[in-house]
Amino acid sequence: MVDLGVDLQAIEAGLATLPIQGWQLRSSRQQRRGITGTKVDVLFEESHHHRTWADIDRLLAESPLTVATRELARRIFRRVGVAEAKVHGVDLAKVHFHEVGAIDSIVDIVGAALALEQLHIDQILCGPLPLSHGTVHCAHGAIPLPAPATLEILQGLPVVDGRCDQELVTPTGAAIAAEIAHFAPLEAMTVERTGYGVG
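Described below are features of the structure shown in this document.

**Regarding the overall build of the chain**
Here comes step 1: For the chain, the helix and strand inventory stands at six helices and 10 strands.
Here comes step 2: Here the C-alpha atoms of the chain give a radius of gyration of 17 Å, agreeing with the 16 Å that 2.2 N^0.38 yields for 199 residues.
Here comes step 3: Sequence separation of at least 24 residues holds for 69% of the intrachain contacts in the chain that already meet a minimum separation of 6.
Here comes step 4: About 11,400 Å² of surface is accessible on the chain, with carbon and sulfur atoms providing 52% of the total.
Here comes step 5: Of the side-chain charges in the chain, 16 are positive and 24 negative, and the distance between the mean point of each set is 2 Å.

Written out as structure tokens, the structure reads:
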């Protein structure tokens, strides 16, 4: 969305209204296989504090963000929390995000909600999401791909074999797509702008 023209400084300003510290965004133009796009990194300080889903939901509910942005971010975070609760066998309110994961997820999710509001998009279409194979390392150690939380979030939605051993769809990305998009074949349309996110 930044490559489509979203003002990253406006996103940072919105995120700065939240009571979280120790993060910053860095944007750069990069190439992957000859295609140029925008890479946005979330940089954060290492910490050992934890936040529960309930803590994060309250933080978002009490934030000064617009109602639309605040409620979209809460719905996305709830999708992640519900999936993590099921995978770990705990109540939703007790789902823990270690501090780095919490900051990263808050910035990703609220940043996406702020960007969508800025773009004034009426409808989002999404094709089947590609699921990969292998393992990925996280706070709990090595876990299988697709990550169990990703599979929980994508239940009932179309997926395809990504034919890759790298994580192509994270739980956060899956939750954003599941919450904002209509999964369907592309309709007839006129392309006006394109944007490439470089991961």
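**Focus on the packing of aromatic side chains**
Here comes step 1: Throughout the structure, instances matching the rule amount to one aromatic pair.
Here comes step 2: When the ring of Phe77 is compared with that of Phe97, the centres are 5.5 Å apart and the planes differ by 80 degrees; the resulting orientation is edge-to-face. Highlighted residues: Phe77 in helix H3 (residues 67-88) and Phe97 in strand S4 (residues 96-98), separated in sequence by 20 residues. We note that Phe77, like Phe97, is buried.

**Considering the pairing of strand S2 (residues 35-44)**
Remember that side chains alternate between the two faces of the sheet whenever the strand is regular.
Here comes step 1: Sheet topology places strand S1 (residues 23-32) next to S2; 10 bridges connect them, and they run antiparallel. Bridge assignment links Gln30 to a residue of S2, and that residue is Gly37.
Here comes step 2: With antiparallel pairing between neighbouring strands as the criterion, S1 and S2 make up a hairpin whose turn holds two residues, including Arg33 at a positive phi of roughly 50 degrees.

**A few points about the side chain of Thr69**
Here comes step 1: Its place among the elements puts Thr69 in helix H3.
Here comes step 2: Thr69 sits in the buried class, given a relative accessible area of 1%.

**So, helix H1 (residues 8-15)**
Here comes step 1: Within H1 the residues assigned to the buried category are Leu8, Ile11, Gly14 and Leu15. Viewed end-on, H1 has its buried residues packed into an arc of 120 degrees, placing them on one side of the element.
Here comes step 2: If you check the start of H1, you find a side-chain oxygen 2.9 Å away from the backbone N of Gln9, and it comes from Asp7.

**Here's the deal with the nonpolar core**
Here comes step 1: Residues Leu15 and Val110 are the most contacted members of the largest nonpolar core, which totals 50 residues.
Here comes step 2: Those elements giving two or more residues to this core turn out to be H1, S1, helix H2 (53-61), H3, helix H4 (99-119), strand S6 (129-131), helix H5 (148-153) and helix H6 (171-180).
Here comes step 3: Here the element with the most residues in this core is H4; it accounts for 12 residues.
Here comes step 4: Non-local contacts of Leu15, meaning those with residues more than four positions away in its chain, are made with Trp23, Leu25, Ile106, Val107, Val110, Gly111 and Leu114.

Criteria and thresholds
- Residues numbered from 1 in each chain as written.
- Predicted model: local features only at pLDDT ≥ 70, side-chain atom pairs only at ≥ 80, totals over all residues.
- Heavy atoms only, no water.
- Helix = DSSP H or I, 4+ residues; strand = E, 2+ residues; numbered from the N terminus.
- Rg over C-alpha atoms; globule rule 2.2 N^0.38 Å.
- Contact = heavy atoms within 4.5 Å.
- Areas by Shrake-Rupley, 256 points an atom, 1.4 Å probe, with all protein chains shown as cover.
- Lys, Arg positive; Asp, Glu negative; His and termini not counted.
- Charge placed at Lys NZ, Arg CZ, Asp CG, Glu CD.
- Phe/Tyr/Trp six-rings, centres within 6.5 Å; stacked < 30°, edge-to-face > 60°.
- Buried < 20%, exposed > 50% of the residue type's maximum accessible area, 1.4 Å probe, protein only.
- Pairing = 2+ DSSP bridges.
- Arc of directions from axis to C-beta.
- Polar contact = N/O pair within 3.5 Å; in protein donor to acceptor, adjacent residues only side chain to side chain.
- Core = buried A, V, L, I, M, F, W, Y, C linked by side-chain atoms within 4.5 Å.

Any functional reading would require information beyond the geometric quantities listed.
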